[in-house]
Amino acid sequence: MGAEPPAVVSIEPVPLARPVLGEAEEQAILEVLRSGQLSLGPRVPAFERAFAECVGAPLASAVSSGTAGLHLALRAAGVGEGDEVITSPLSFVASANVAVYERARPVFADIDPLTLNLDPQAAAAVVTERTRALLPVHIFGYPADMPAFEQLAASHGLAIVEDACEALGAQHPDGTPVGGRGHPAVFGFYANKQLTTGEGGMITLGDSAQKERIDSERNQGRAPDMGWLDHDRLGFNYRLSDIACALGIAQLERLEEMLAARSLLAERYRGALAGIDELELPCPDEGGNTRGWFVFVVQLPRGVDRDETVRALAAAGIQSKPYLPAIHLMSFYRERFGHRAGEFPVCEDVAARSLALPFFPQMNEGQVARVAEGLGAALGQ
Ligand SMILES: Cc1ncc(COP(=O)(O)O)c(C=O)c1O
């Protein structure tokens, strides 16, 4: 007789992200269903008011996604055909795509190696007479250097649109929440975000004429006083439903708790990963900036085979993902704008080594330890 087969220990896999939805959200959705008003109802302005207050912005407009919000914000900022929009090559592709939607050109500049955000000096170096707007991204929830971008915008008469899709809960050194500086800032509510409505987004802003335009354009070009099928400008269907807004309102009520759970998790990761040689962790808060924790992205040591690391982690039941690829090296951007490797060396180095680890508020200490052990083992340590 052969030896007994080893006992199969079933280990629950650790996913990359998981939304936190509870009874409050179920109740909120039920109320909307019972009200019969699933769209264009009272939850939309209620969510907008609550969100604006949360980030200290005068106004807000709810939209169907972060991408839709960025698109409408750029249009409201006056970006059009032939304009240039300076932005970060290390971002989710939508922040550059929205300029292309308007037949404008996204112009990339390299990133800061520490914060991984668009470097204001690099941005200043690519301003031309065609530059119309700056579109800094608060990547991985770390605040971009808005005072520097505001100065640059003022000295060249440029508009600013902030991509805050990953940065709910972040704060600038002067205590302003990200999204509360007056110019349009766009948040995203996809399922992996700090606050989720499944799909959704919000533009915070200070200019009521811009809000009027955005609200009309998200609703097929219809002004609030116009009837169904009346349209006085080109518009889109970028509306957010009342069901989604109800979900958002319910989560805003316990946002602090949700953000605190993410911060605690990030601290646990820092402790658990500290012993892995040459692994670079997300930069700690510096100079009064506060990160709004969204993902936990590490940079693998140079020379490590990242695909192999992802496979080894997957074999241990741990999801991970290269995050983010450099936008300018994606095939569409290479072909349309002639980009090639070597243009933005800091971004390219970071993009080649970045790995997002599982990160969601319900993760427990045991799971963090498992990820850390799995990563250490995958790196041969
Ligand atoms: C930096 C950044 N910009 C834009 C977006 C687009 O948001 P959405 O997926 O809601 O359209 C996202 C989110 O996925 C993002 O992370």
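Residues numbered from 1 in each chain as written. Predicted model: local features only at pLDDT ≥ 70, side-chain atom pairs only at ≥ 80, totals over all residues. Heavy atoms only, no water.

Peer 1: Whenever I open this one, the layout of surface pockets confuses me. Can you help?
Peer 2: Sizing a probe to match a water molecule and rolling it over the atoms shows the empty space that remains. For the largest pocket, the calculated volume is near 640 Å³. Taken together, 35 residues make up the lining of the largest pocket; nearest its centre are Phe 92, Tyr 190, Asn 192, Lys 193 and Tyr 323. Of all the secondary-structure elements, those providing two or more residues to the lining of the largest pocket are helix 3 (66-76), helix 4 (94-101), strand 10 (321-322) and strand 11 (354-357). In terms of residue class, the lining of the largest pocket is built from 21 nonpolar, eight polar and six charged. A volume near 360 Å³ is recorded for the second largest pocket. Lining the second largest pocket are 19 residues, and of these Leu 40, Asp 215, Arg 218, Asn 219 and Pro 224 sit closest to its centre. (1 Å grid on protein atoms, 1.4 Å probe; cavity = no way out; pocket = protein on both sides within 12 Å on 5 of 7 lines; lining within 4 Å. Points joined across faces, edges and corners; volume = space filled by probe spheres on them. Helix = DSSP H or I, 4+ residues; strand = E, 2+ residues; numbered from the N terminus. Nonpolar A, V, L, I, M, F, W, Y, C, P; charged D, E, K, R; others polar.)

Peer 1: Honestly, the pairing of strand 4 (residues 131-135) in this entry has me stumped. Any pointers?
Peer 2: As a general feature of sheets, a regular strand has side chains that alternate between the two faces. Along strand 4, four of the five residues are buried, which leaves the element largely enclosed by surrounding structure. Both strand 2 (residues 84-87) and strand 4 contribute to a ladder of four bridges, which runs parallel. Residue pairing for strand 4: Glu 84 is matched across the bridge by Thr 131. Considered for its hand, the β-α-β crossover made up of strand 4, helix 6 (residues 146-156) and strand 5 (residues 159-160) is right-handed. (Buried < 20%, exposed > 50% of the residue type's maximum accessible area, 1.4 Å probe, protein only. Pairing = 2+ DSSP bridges. Right-handed = clockwise from strand over helix to strand, strands pointing away.)

Peer 1: It is not clear to me how the site of the ligand should be interpreted in this structure. Could you clarify?
Peer 2: Around the ligand, 13 residues are found, and the nearest of them are Gly 66, Thr 67, Asp 163, Glu 166 and Lys 193. A distance of 2.6 Å is found between an oxygen atom of the ligand and a side-chain nitrogen or oxygen belonging to Glu 166. The separation between an oxygen atom of the ligand and a polar side-chain atom of Lys 193 is 3.0 Å. Here the ligand, which alone exposes 390 Å², has 91% of that area covered by the protein. When each cavity is represented as a set of grid points, the ligand is found to reside in the largest pocket. Tallying contributions element by element places helix 3 first for the shell around the ligand, with three residues. Along the lines of polarity and charge, the residues of the shell around the ligand split into five nonpolar, five polar and three charged. (Near = heavy atom within 4 Å. Polar contact = N/O pair within 3.5 Å; in protein donor to acceptor, adjacent residues only side chain to side chain. Areas by Shrake-Rupley, 256 points an atom, 1.4 Å probe, with all protein chains shown as cover. Sits in = over half its atoms within 2 Å of the grid points.)

Peer 1: Explain the pattern of salt bridges here, please?
Peer 2: Note that side chains of opposite charge can pair when their charged atoms are close. For the structure on display, the rule yields 20 salt bridges. Note that Glu 343 and Arg 340 form a salt bridge whose closest N and O atoms lie 3.8 Å from each other. It is possible to trace a salt-bridge network through shared partners that takes in Glu 48, Lys 211, Asp 215 and Arg 218. (Salt bridge = Lys/Arg side-chain N within 4 Å of Asp/Glu carboxyl O.)

Peer 1: Teacher, can you tell me more about the packing of aromatic side chains here?
Peer 2: Each pair of aromatic rings is reported with the distance of its centres and the angle of its planes. For the structure shown, the criterion picks out 15 aromatic pairs. Ring geometry for Phe 108 versus Tyr 333: centroids 5.9 Å apart, planes at 65°, classification edge-to-face. Of this pair, Phe 108 sits in strand 3 (residues 105-108) while Tyr 333 is found in helix 11 (residues 331-337), placing the two residues 225 residues apart along the sequence. One exposure class covers both Phe 108 and Tyr 333, and it is buried. Of the aromatic side chains, those joined through ring pairs into one cluster are Phe 108, Phe 332, Tyr 333, Phe 337 and Phe 344. Note that Arg 291 overlies the ring of Trp 293, its terminal NZ or CZ placed 4.7 Å from the centroid. (Phe/Tyr/Trp six-rings, centres within 6.5 Å; stacked < 30°, edge-to-face > 60°. Lys NZ or Arg CZ within 6 Å of the ring centre and 35° of its normal.)

Peer 1: Please clarify how the sheet that holds strand 11 should be interpreted in this entry.
Peer 2: Strands pair in a sheet through their backbones, by hydrogen bonds, and they do so in one of two ways: parallel or antiparallel. The strand order across the open sheet formed by three strands is 9-11-10, and the pairing between neighbours is antiparallel. Because the sheet does not close on itself, it has two edges, and the strands there are strand 9 (296-299) and strand 10. Bridging between strand 9 and strand 11 involves four bridges; their strand directions are antiparallel. Bridged to Val 297 within strand 11 is Ala 356. Sheet contacts for helix 10 (residues 306-315): strand 10 and strand 11; angle to strand 11, the most-contacted strand, approximately 15°. (Contact = heavy atoms within 4.5 Å. Axes fitted to C-alpha atoms, helices over the stretch in contact; angles between N-to-C directions.)

Peer 1: Quick question: what am I supposed to make of helix 13 (residues 365-378) here?
Peer 2: One turn of an α-helix holds 3.6 residues; hence residues three or four places apart share an orientation. Its 14 residues give helix 13 an end-to-end C-alpha distance of 20 Å, which sits within 8% of 20 Å, the value for a rise of 1.5 Å per residue. Of all the positions in helix 13, only Gln 367, Val 368, Val 371, Ala 372, Gly 374, Leu 375 and Gly 376 are classed as buried. The secondary structure elements touched by the buried residues of helix 13 are helix 9 (255-273), helix 10 and strand 11. Looking one or two places after helix 13, you find Gly 380, whose phi comes out positive at around 70°. (Expected span 1.5 Å × (residues − 1).)

Peer 1: Would you mind showing me how to read a nonpolar patch on the surface here?
Peer 2: On the surface, Leu 30, Leu 33 and Leu 38 cluster together into a nonpolar patch covering about 240 Å² of accessible area. Structurally, Leu 33 is set in helix 1 (residues 23-35). (Patch = residues over 30% accessible without salt bridge, like charges linked within 9 Å, V, L, I, M, F, W, Y side chains within 5 Å.)

Peer 1: Would you mind showing me how to read unusual backbone geometry here?
Peer 2: Tyr 323 connects to Leu 324 through a cis peptide bond whose omega is 5°. Take Leu 324: it is sitting in the loop between strand 10 and helix 11. One non-glycine residue with positive phi stands out, namely Phe 140, at about 55°. For Phe 140, the location among the structural elements is in the loop between strand 4 and helix 6. For Phe 140, a relative accessible area of 5% translates into the label buried. For Leu 229, which is not glycine, the phi torsion reads 80° and is therefore positive.

Peer 1: It is not clear to me how the environment of Arg 181 should be interpreted in this structure. Could you clarify?
Peer 2: For Arg 181, the position within the fold is in the loop between strand 6 (162-163) and strand 7 (185-188). A sequence separation of 152 residues divides Arg 181 from Ile 29, and the C-alpha atoms of the two residues are 32 Å apart. Only 3.5 Å separates the side chain of Arg 181 from the side chain of Asp 174, close enough to count as a polar contact.

Don't take any of this as a statement about function, it's just geometry.
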